[in-house]
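The residues making up each chain are set out below.
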Number of protein chains: 2
Amino acid sequence: MSDALLKGTNMHKPVFDSNEFRRSLGTFATGVTIITVRSPDGEPIGVTANSFSSVSLDPPLVLWSLAKNAKSLPAFQAAEYFAIHILSAEQEGLSNLFASQGADKFGNLNTEQGIGDTPLLDGCCTRMQCKVAHQYEGGDHIIFVGEVVDLVSNDLTPLVFQAGKYSLAARKTDDTPLISSSSSGFDEDFFGYLLWRAYFQFQSEVNKQAPFRGFTSLEFLILVTLAHNNWRAVDTLCDMIVHDGDHDLVGQALESLVEKGLLQEKADKNGFKLCGLSETGNEKALELLTIAKSTESTFLERLGQKESAALKNLLKGFIVETDTGIPHPWERTEGEA
Amino acid sequence: MSDALLKGTNMHKPVFDSNEFRRSLGTFATGVTIITVRSPDGEPIGVTANSFSSVSLDPPLVLWSLAKNAKSLPAFQAAEYFAIHILSAEQEGLSNLFASQGADKFGNLNTEQGIGDTPLLDGCCTRMQCKVAHQYEGGDHIIFVGEVVDLVSNDLTPLVFQAGKYSLAARKTDDTPLISSSSSGFDEDFFGYLLWRAYFQFQSEVNKQAPFRGFTSLEFLILVTLAHNNWRAVDTLCDMIVHDGDHDLVGQALESLVEKGLLQEKADKNGFKLCGLSETGNEKALELLTIAKSTESTFLERLGQKESAALKNLLKGFIVETDTGIPHPWERTEGEA
């Protein structure tokens, strides 16, 4: 524990160290901002900060803090104006760039000139141009309070910082259970159920469309997998899309697709069974693509843009974290046609 | 636009109104805090605030702002100590309570006494006891800077506020594509693929366990659905767990379960076909429950606690938003046994 942390109260010595304090601050989620200014000698200056906070509505004031030992401090202390950019989810790279020391931050960026020649960045959620209202003492930092004099905002998904990691935030769902509780131990919160149900609702919607009534989920999977990479060994296909033991089901689905004229089977020179889409099958797969993409749009629109981004992000994270090495069926593999 | 918003600069009149300013501030995600204090006459006081910000590491300083017209302002201005509680995802109700006017906020709460008799709340992510260091002018607010003199923190999922809504934040996943891009139009970001793949990995893991090798996903679904509510009409069961046209597949799965001695079929008095779990079937369903729950734990642990909470939250939101009225198979329906 540093001596500095021990001062400040004579009755109650703090029982934490600097790392603990940092970690605790991380439990408070924040957005991420880049704050820019023009230095007295005309240099564009910018720093990444998450110490932004709203202060007042009338007049419109916001604040942020900058370390007293920051190289950019003199420029901010001298300036009459600065600009705050609340970053979007796409701007993680920009956040890293402006958080780094000594990098040529503006070299490859298109900036506009704001009030007081302040460099302005694009593609953020909100851009506020501020006139310095106060500079307050704040320990090893200076607190800059600015009056917002110009404002541009849009509906991009914001970048979030929580527990030291870039994050995405999504609206909390109502706590009402999806299904009434049961005595048998599975409940609506069971993850397997949520995954199955979400997938089921998606597939059901596709199945409602006239061209795909009567198609099974497995038939969908086969169509799309072969559309990515036609003529595959039946055994390979089985391993990619069904669990241990379901090979008979794939056989039936293949048979059904052959009957519909969408699939052809043949043997390779070693006698292994291959299957591939017919011309009609290819067209059908493209039609499926169109319908599935439109279902995706409709569904994700209902969920909301930020929530969709967060859900995709988390499903992807889940898939990566729990990947057991099963091949991805849509991946083009070497040596296949 | 209010007159107040027009002042502050003579060169650049703000081109936004108060609502626009508020909305823009909402693009900066924040945690949610409750700040408590003991009034001079001994009353416990608390307010919800998201204007918290870290200021300094050495000394450890944080700040927040309170409206000058807040009833609680005199108490905070008079106090030597206050406490900041960074709320957890479970504390949405507490946040609403302390954001409301005139409610008996402390009536039903168990509080501890902190330094300066400050009332302390439980169950939050972080609790900081602060000694007032500065009170700064901030337009229609006062900025309180406090030196943190005591700190308790834990690993609960934090409550987040974004765009005016309670939210959950989760770590952003690496942007690397899951599968190499394809010319045929479906890509790794396609939502149907992500849902299927996540479900597939989950089921595959369950399938790896010796008791369930060779079981199909449909057999799992039937076992669990009947464990919730035994003896169902086969047609009802079909509608609940497969899409239009898949009824034959359910028939096969039922047959396979009968062969395994897990399922019995009979006709009701009107001649409708019913199916129900045998005693062995019930035991098998409970075994499946245990294995699936343990798979859930393993997988969600790999994803991380905050991410798991966020993923479940979003899947639930997705299911609610895109529900087309298909019955939930695990819901106990009236009139069934």
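Within each chain, residues carry numbers counting from 1 in the order of the written sequence. Chain A is the first chain written and ligand 1 is the first ligand written, with later ones labelled in order. Given that this is a predicted model, residues contribute local features only at a pLDDT of at least 70 and side-chain atom pairs are listed and counted only at 80 or more, while totals for whole chains, interfaces and linings are drawn from all residues.

Helix and strand labels come from DSSP, where a helix needs a run of H or I of at least four residues and a strand needs a run of E of at least two; each type is numbered from the N terminus. When helices and strands are counted, chain A shows ten helices and 15 strands. Each residue is classified by how many other C-beta atoms fall within 10 Å of its C-beta atom, where C-beta atoms are placed from the backbone; a count of 20 or more means buried, 12 or fewer means exposed, and values in between mean partly exposed. Counting over 337 residues, chain A shows a buried share of 50%. Remark: residues whose backbone-derived C-beta atoms lie within 7 Å of one another are considered to be in contact. Nonlocal contacts in chain A, meaning residues at least 24 apart in sequence, comprise 62% of its contacts between residues at least 6 apart.

All right, on to the relation of the copies chain A and chain B then. With an RMSD of 0.0 Å, the operation that places chain A on chain B is a rotation of 180° combined with a shift of 0.0 Å along the axis. Taken together, these values place the two copies in the relation of a two-fold axis. Interface overlap between copies: 100% of the residues of chain A at the interface are likewise at the interface in chain B, consistent with a symmetric, same-surface contact. Copies overlap after least-squares fitting; the atoms used are the C-alpha atoms of residues with pLDDT of at least 70 in both.

A pair of strands is labelled paired if DSSP reports no fewer than 2 bridges between them. Bridge count between strand 4 (residues 53–56) of chain A and strand 5 (residues 61–67) of chain A: three bridges; the pairing is antiparallel. Within strand 5 of chain A, the residue paired with A:Ser56 across the bridge is A:Leu61.

Here we take up the interface of chain A and chain B. At the junction of the two partners, chain A supplies 131 residues and chain B supplies 132 residues. If you tally residues by element for the side of chain A that touches chain B, the top one is helix 5 (residues 191–208) of chain A, at 15 residues. Residues were grouped as follows: Ala, Val, Leu, Ile, Met, Phe, Trp, Tyr, Cys and Pro as nonpolar; Asp, Glu, Lys and Arg as charged; and all remaining residues, including Gly, as polar. Class assignment of the residues belonging to the side of chain A that touches chain B gives a composition of 61 nonpolar, 43 polar and 27 charged. Direction of pairing for strand 12 (residues 165–171) of chain A relative to strand 12 (residues 165–171) of chain B: antiparallel, over a ladder of five bridges. In the strand pairing of strand 12 of chain B, A:Leu168 is matched with B:Ala170.

Turning our eyes to something else, we now look at helix 6 (residues 217–228) of chain B. For helix 6 of chain B, spanning twelve residues, the distance from its first C-alpha to its last is 17 Å, which sits close to the expected 16 Å at 1.5 Å a residue. Counting buried positions along helix 6 of chain B gives twelve out of twelve residues, so the element sits mostly inside the fold. The length a helix should cover is 1.5 Å for every residue beyond the first.

Right, let's talk about the domain arrangement of chain A for a bit. The domain limits used here are those given by an automatic or database domain assignment. As far as domains go, chain A holds domain 1 (19–167) and domain 2 (191–321). Summarising the inter-unit geometry, the C-alpha centres of domain 1 of chain A and domain 2 of chain A are found 46 Å apart.

Residue and element names in this part refer to chain B. Taken across its six residues, strand 2 (residues 33–38) has six buried, putting it largely inside the fold. In strand 2, alternate side chains face the same way, and those of Thr33, Ile35 and Val37 on one face and Ile34, Thr36 and Arg38 on the other are all buried. Bridging between strand 2 and strand 3 (residues 44–49) involves six bridges; their strand directions are antiparallel. In the strand pairing of strand 3, Ile35 is matched with Val47. Two successive antiparallel strands, strand 2 and strand 3, enclose a turn made up of five residues, where Gly42 displays a positive phi of approximately 90°. The pairing of strand 2 with strand 6 (residues 81–86) spans four bridges and is antiparallel. By the bridge assignment, Thr36 is partnered in strand 6 with Ala83.

When two helices pack together, their arrangement is given by the angle between their axes and by how far apart the axes lie. Residues and elements named next belong to chain B. Where helix 7 (residues 234–241) meets helix 8 (residues 247–259), the closest approach of the two axes is 10 Å, and the angle between their N-to-C directions is 115°. The crossing of helix 7 and helix 8 is right-handed. Residue-level inspection shows Val234, Leu237, Cys238 and Ile241 of helix 7 in contact with helix 8, the latter providing His247, Val250 and Leu254. Grouping the amino acids of the contact of helix 7 with helix 8 by side-chain chemistry returns six nonpolar, one polar and no charged. Between N-to-C directions, angles span 0 to 180 degrees; the directions come from axes that are lines fitted to C-alpha atoms, helices contributing only their stretch in contact. Handedness of a crossing follows from how the near helix is turned relative to the far one, being left-handed for an anticlockwise turn of less than a right angle and right-handed for a clockwise one.

On to the packing of helix 10 (residues 305–321) of chain A against helix 5 (residues 191–208) of chain B. Relative to each other, helix 10 of chain A and helix 5 of chain B sit at 35°, their axes nearing to 9 Å. In this structure, helix 10 of chain A meets helix 5 of chain B at a crossing whose hand is left-handed. Residues A:Lys312, A:Leu315, A:Lys316, A:Phe318 and A:Ile319 of helix 10 of chain A touch helix 5 of chain B, and the partners they reach there are B:Phe191, B:Leu194, B:Leu195, B:Arg197, B:Ala198 and B:Gln201. Looking at the contact of helix 10 of chain A with helix 5 of chain B residue by residue, the class counts come to seven nonpolar, one polar and three charged.

Strand order in this open sheet of seven strands is 3-2-6-9-10-5-4 (chain A), and the pairing throughout is antiparallel. A single partner strand is all that each edge strand has here, and the edge strands are strand 3 (44–49) and strand 4 of chain A. Across the sheet, the mean angle separating the axes of adjacent strands is 35° when strand polarity is ignored. Two elements, strand 9 (residues 126–138) of chain A and strand 10 (residues 141–153) of chain A, share twelve bridges in a ladder whose sense is antiparallel. Bridge pairing in strand 10 of chain A places A:Arg127 opposite A:Val152. The strands that helix 4 (residues 92–99) of chain A touches are strand 2 (33–38) and strand 3 of chain A; relative to strand 3 of chain A, the one it contacts most, it runs at about 110°. Here helix 2 (residues 18–25) of chain B sits on the sheet in contact with strand 4, strand 9 and strand 10 of chain A, set at roughly 120° to strand 10 of chain A.

With that settled, the discussion passes to unusual backbone geometry. All names here are of chain A. Cis geometry is adopted by the peptide bond preceding Pro59, which originates at Asp58 and carries an omega value of 5°. Backbone geometry places Asp117, a non-glycine residue, at a positive phi of 60°. By secondary structure assignment, the location of Asp117 is in the loop between strand 7 (112–113) and strand 8 (119–120). Exposure remark for Asp117: the 13 C-beta atoms within 10 Å place this residue in the partly exposed category. One non-glycine residue with positive phi stands out, namely Trp231, at about 55°. Following the sequence through the fold, Trp231 ends up in the loop between helix 6 (217–228) and strand 13 (232–233). Trp231 sits in the partly exposed class, given 14 other C-beta atoms within 10 Å.

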